[in-house]
Amino acid sequence: MTESTLRDQLQASLDTAYTIQRELGGGGMSRVFVARDETLGRDVVIKVLPRELAAEMSAERFTREIKLAAALQHPHVLPVLSAGISDGLPYYMMPFVRGESLRTAMVKGVLSLDEKLDILRDIARALRYAHGEGIVHRDIKPENILLSSGSAVVVDFGIAKALSASRTQAPGGTLTIVGTSIGTPAYMSPEQAAADPNIDHRSDIYSWGVMAYELLAGKYPFEGKTTPQQFLGAHLAETPVSLATVTRVVPQAAVDVIMSALEKDPDKRPQTGDELLTRLGGVSSTSGQSPAIAGWSKRSWKRPAIGVGVVVALALGFAALKGTRSASAKEPIMLAVLPFENQGPAEQEYFVDGLTDAVNGKLAGLAGISVIDRRSTAAYKKTTKPVKQIGTELGVAYVLGGVVRWARTDSTWQAQVIPTLVNTSDATTRWAGEPLVVSSADPFSAQTEIATKVAGALKVALGSDEREDLAKRPTENIGAYDAYLRAKSVYEANWKVSTSIRVMDQSIAELQRAIGLDPKFAQAWALLANVAYERAGEVPGDTVSLRVAMESARQAEALAPNDPVVVMIRSAIAFMQGAQDRGIKIIGDALRNGIASPELLATHAADMLDVGQPDSARANMEQAIRMNPRYPPTLLAAARLAEDQKDWATMNRYARTLVGIDPTDERGWSLLAAIARKRGDSTGMRNTIEEAFKYIPSPSNLVLVFMAYAGTEMGSRFIAMTPEQIHIETLPDSVGTYYDNKADYFVGRGEPARAKIYYDSIIAKLEGRNLSGSGEPSIRLYLANAYAFNNRLPEAKREVERAMAAARALKDTRPDGSLDLNSRILAAVYGKLGRYDDAIREARALLKHDSWTRAGLAREPKLRGLRGNPAYEAFLREKEN
């Protein structure tokens, strides 16, 4: 059939809804056209299957099966929009992506190593999602990966399943055409090559490995093969040369996971896309954590938020935070260690930060010196403030700074470190030793020498025990220490924005490498427990990370049982297991035994508020602030404690202090916007967002989600944003900070038909999925609300009951014994179910247990359905307590 004949025939089938514009060329043996969707004003791609293939299959069955592919909704999976038959030829339609294929980019040679690793992670995320939906691709290859706006999207997911199912309905069907979605010989798994009829998702993991090897090595793993038969034979019998031999720039963690993906035996490969991500790791792209307003957990401001504090506490060394030091004969000298200045390659920044932390930690262990917590000095990185001003702000007599200059030898980096000790009263410099040389082969000696010289310059006498402590090393394995510093660096840098699963995965991969090199590296075990715990809380059904967290916590506890970091992790895991009483007791016992840190105190403050002891809560939080007055997470926790008590002046003071310390930290802005929303102050919310934009050109969802509630102009801008622009990465983020907030915008505007589009997406994403985990109660309520909006009331009631059962299993209760569920969503669902007394009860709970006000509830889109009910209107007219 000629191009014009097929085009005319396809156009006739599409009628006037679509206008075919041009042919792109083939995808395998298919014909690919670009058409204009006249209804929605967008471009789409239409793939028409070849007549030879159509003869071997049932076209009607194909179009029915393609609906399964259309149900796939994920940022890294290109969805199928529709399917049909044109003169006996099946076709399917997808969005038109303005970008290029991975193959084109590989040929051009334009991708950096980081970009390549990002692409592989995006594809692994797509595999994780689709495999979880029971869909195997069977043709993962560079041609089926599209690159657009810095993201990779997998094309033709679900097509192979539709082809296979429709073939069984066609008499004599064999489906042997090479180049369609059933597989490409160069990328087929051994089981595909052997025509095994029972291949599973691990076949895609092998194909991912072949593609990853080719992408990173710049050449195919089985060189010299040109025919289908040669390709298939290589997959069955040949072992590729190790990627580490072909290229030396690829991180070892990536080499290991790619080579294991190429194992002939499926049982020896990574078993899931999630394992690919965990072992491959990620980079500092952002996305992820819902803001407090989204409410994945009422306790999210205290339990998951241990991360950055744990990171820095670990960097300081375990001895640094174990209660108070023994008192010296005279008042200790107040000292602040400012972030050392890296005058070298940007990739060495993590090493310089690690050096700063280590020196800080060693000095903090000396009895004659009182050192301001490193977390309170982090905001002075690259500061131009005068030393006297810094001294006044921090209340210190001396500041220690340093310049790190680099030079490269044959195989290692060497740095010259120049420490500078300055008296803040008169800006005079004290001698702190000659410039030191530190290398990647020995990162520890300089730490000890700098701390020793500073003690000498301050005339602080060192006892034998203190000299021994200064000389201690966290590990004797240099490779393990380097991996730990890399993990800490990427993880800590991400905390000013919404949490990134990519960053967690990279950190986990580096930490697993660290403990593989040194199984007794206590700091690495503790940080791994923390990161894995947080990942389990972010990803529904992620039981693998929870097991890693629990095992790592056990190892860390065995090595350092009384460390405050380990105490925090043990308590957090107890909460995740539903043992709240035990979690509270773990921290309370530690504090009573003299083990103190700002994180322990802030968390205990939140626990005390939850058990109805507000005075104790305030006392613990004030002590945490005294210990670390300029540490953003402590300020954030203090602001949220004040918010829960509706102490607006204190909340605003802490939030504004946080913003003043670092206006690029989104957490302070997010808190201010959340409070404005809960108080019904859309103007204040809009002003907060606009002010944040002055300092943060490209914010994450921590700030952006509030645009949906800040008026028509901002809301319409939010509606136009893509998931990538809002930094959507996880399933909870997709539901809670993308679809649900966009639905709220249209509900608030009285446009239910447009809101329904987003509620339908929530149902498509959550229906039938494994939602187990600490976030299960909340995410089930989002599903219940979507059902209720669609008048699927039995399903809505079922999901509410499931959410309650999950909350009871987690023992997630408030001080009065009621379940600690998202009352805002519950009230909306109960209203749809006609249970108005229950809806008003939940609205009252928002006033009692949260910081919502009646003015805020009156403007809340989700509760729009309750307006007009006499009892609810009377409730809104009541005076605030």
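Refer to the structure printed above.
Residues numbered from 1 in each chain as written. Predicted model: local features only at pLDDT ≥ 70, side-chain atom pairs only at ≥ 80, totals over all residues. Heavy atoms only, no water.

A. Examining the pattern of salt bridges more closely. All chains considered together, the criterion is met by 49 salt bridges. As a salt-bridge pair, E551 and R554 come within 2.7 Å of each other at their nearest N and O atoms. Linking E551 with R554, this pair stays in helix α22 (residues 543–559), spanning three residues, or about one helical turn. Classification of E551 by relative accessible area gives partly exposed; the value is 32%. A relative accessible area of 47% places R554 in the partly exposed class. Across the salt bridge formed by R854 and E878, the nearest N and O atoms sit 2.8 Å from each other. Note that R854 is positioned in helix α39 (residues 854–858) and E878 in the segment after α40 (870–877), a separation of 24 residues in sequence. The class for R854 is buried, based on a relative accessible area of 8%. Put simply, R677, D740, D744, R824, E860 and K862 are held in one network by salt bridges that share partners. (Salt bridge = Lys/Arg side-chain N within 4 Å of Asp/Glu carboxyl O. Helix = DSSP H or I, 4+ residues; strand = E, 2+ residues; numbered from the N terminus. Buried < 20%, exposed > 50% of the residue type's maximum accessible area, 1.4 Å probe, protein only.)

B. Structural view of the sheet that holds strand β7 (residues 145–148). Ordered by their spatial adjacency, three strands build an open sheet running β6-β7-β8, and the pairing between neighbours is antiparallel. Strands with a single pairing partner mark the edges of an open sheet, and in this sheet they are β6 (100–101) and β8 (151–154). Here β6 runs beside β7; their pairing, made up of two bridges, is antiparallel. Looking across to β7, one finds that S101 is bridged to L146. Running at roughly 40 degrees to β8, helix α5 (residues 113–132) makes contact with β7 and β8 of the sheet. (Pairing = 2+ DSSP bridges. Contact = heavy atoms within 4.5 Å. Axes fitted to C-alpha atoms, helices over the stretch in contact; angles between N-to-C directions.)

C. Layout of the side chain of K47. Relative to the assigned elements, K47 resides in strand β3 (residues 42–48). What makes K47 buried here is its relative accessible area of 9%. Of note is the side chain of K47, whose polar atom sits 3.0 Å from the side chain of D156. With residues up to four places along the chain from it excluded, the contact list for K47 reads S30, R31, V32, P90, Y91, Y92, M94, V155 and D156. (Polar contact = N/O pair within 3.5 Å; in protein donor to acceptor, adjacent residues only side chain to side chain.)

D. Seen up close, the packing of aromatic side chains. Enumeration according to the criterion identifies 12 aromatic pairs in this entry. Centroid distance W669 to Y695: 6.0 Å. Interplanar angle 20 degrees. Geometry classified as stacked. Pair noted here: W669 is in helix α29 (residues 666–678) and Y695 is in helix α30 (residues 682–695), with a separation of 26 residues, a long-range link. Under the relative-accessibility criterion, W669 is labelled buried at 1%. Cluster of aromatic residues (ring-pair linked, three or more members): Y738, Y739, Y745, F746 and Y758. Sitting above the plane of the W648 ring, R679 keeps its charged end 4.6 Å from the centroid. Seen from the ring of Y129, K765 lies directly overhead, with NZ or CZ sitting 5.8 Å from the centre. (Phe/Tyr/Trp six-rings, centres within 6.5 Å; stacked < 30°, edge-to-face > 60°. Lys NZ or Arg CZ within 6 Å of the ring centre and 35° of its normal.)

E. Expanded view of the nonpolar core. In this structure, L857 and Y872 are the most contacted members of the largest nonpolar core, which totals 95 residues. Considering every element that reaches this core, the biggest residue donor is helix α35 (residues 776–789), with nine residues. Aside from chain neighbours lying at most four places away, what touches L857 is A843, L846, L847, W852, L863, Y872, F875 and L876. (Core = buried A, V, L, I, M, F, W, Y, C linked by side-chain atoms within 4.5 Å.)

F. Local environment of the packing of helix α21 (residues 522–538) against α22. At a minimum axis distance of 7 Å, the contact between α21 and α22 shows a crossing angle of 155 degrees. If you check the angle between α21 and α22, you find them roughly antiparallel. α21 and α22 meet at a crossing whose hand is left-handed. Taking contact as the criterion, the partners of A522, W525, A526, L528, A529, A532, Y533, R535 and A536 in α21 are, on α22, S545, L546, V548, A549, S552, A553, Q555, A556 and L559. Counted by class, the contact of α21 with α22 contains 14 nonpolar, three polar and one charged residues. (Parallel < 35°, antiparallel > 145°, perpendicular 65-115°, else oblique. Left-handed = near helix turned anticlockwise from the far one by under 90°. Nonpolar A, V, L, I, M, F, W, Y, C, P; charged D, E, K, R; others polar.)

G. Inspection of the pairing of strand β4 (residues 82–86) at higher detail. In this sheet, strand β5 (residues 89–95) lies alongside β4 in antiparallel orientation, the contact comprising five bridges. Note that in β5 the partner of S86 across the bridge is L89. Hairpin connection between β4 and β5: a loop of two residues separates the two successive antiparallel strands, and D87 in this loop has a positive phi of roughly 50 degrees.

H. Focus on unusual backbone geometry. Its identity is not glycine, yet D156 carries a phi of approximately 70 degrees, on the positive side. Along the polypeptide, D156 turns up in the loop between β8 and α6 (159–167). For D156, a relative accessible area of 4% translates into the label buried. A positive phi is found at N791, a non-glycine position, where the angle reads about 60 degrees. Take N791: it is sitting in the loop between α35 and α36 (793–809).

I. Spotlight on the side chain of E776. Here E776 is to be found in helix α35. At 2.8 Å, the side chain of E776 forms a polar contact with the side chain of R780. In this structure, E776 is in contact with L771 and A806, ignoring residues within four places of it in sequence.

J. Helix α25 (residues 598–610), seen in detail. Compared with an ideal rise of 1.5 Å per residue, which puts 13 residues at 18 Å, α25 spans 19 Å between its outermost C-alpha atoms and is within 8% of the ideal. Burial of α25 is extensive: 12 of the 13 residues sit out of reach of the surface. Taken together, the buried positions of α25 are P598, E599, L600, L601, A602, T603, H604, A605, A606, D607, M608 and L609. One or two steps after α25, the chain reaches G612, where phi turns positive at roughly 80 degrees. (Expected span 1.5 Å × (residues − 1).)

K. Looking closely at the packing of helix α34 (residues 752–766) against α35. Running from N to C, α34 and α35 point in directions that differ by 135 degrees, and their axes come no closer than 9 Å. The angle between α34 and α35 places the two elements in the oblique class. Once α34 is placed against α35, the crossing between them reads as left-handed. Facing α34, whose interface residues are P752, A755, K756, Y759, I762, I763 and L766, α35 presents I779, Y782, L783, N785, A786, Y787 and F789. Across the contact of α34 with α35, the residue classes break down as 12 nonpolar, one polar and one charged.

L. A look at helix α26 (residues 614–627). Here α26 spans 20 Å end to end across 14 residues, near enough to the 20 Å set by a 1.5 Å rise per residue. Residues of α26 that are buried include every one of A617, N620, M621, A624 and I625, and no others. The buried residues of α26 all sit within an arc of 140 degrees when viewed along its axis, so they share a single face. Facing away from the buried side of α26 by over 90 degrees, the exposed positions are D615 and R626. (Arc of directions from axis to C-beta.)

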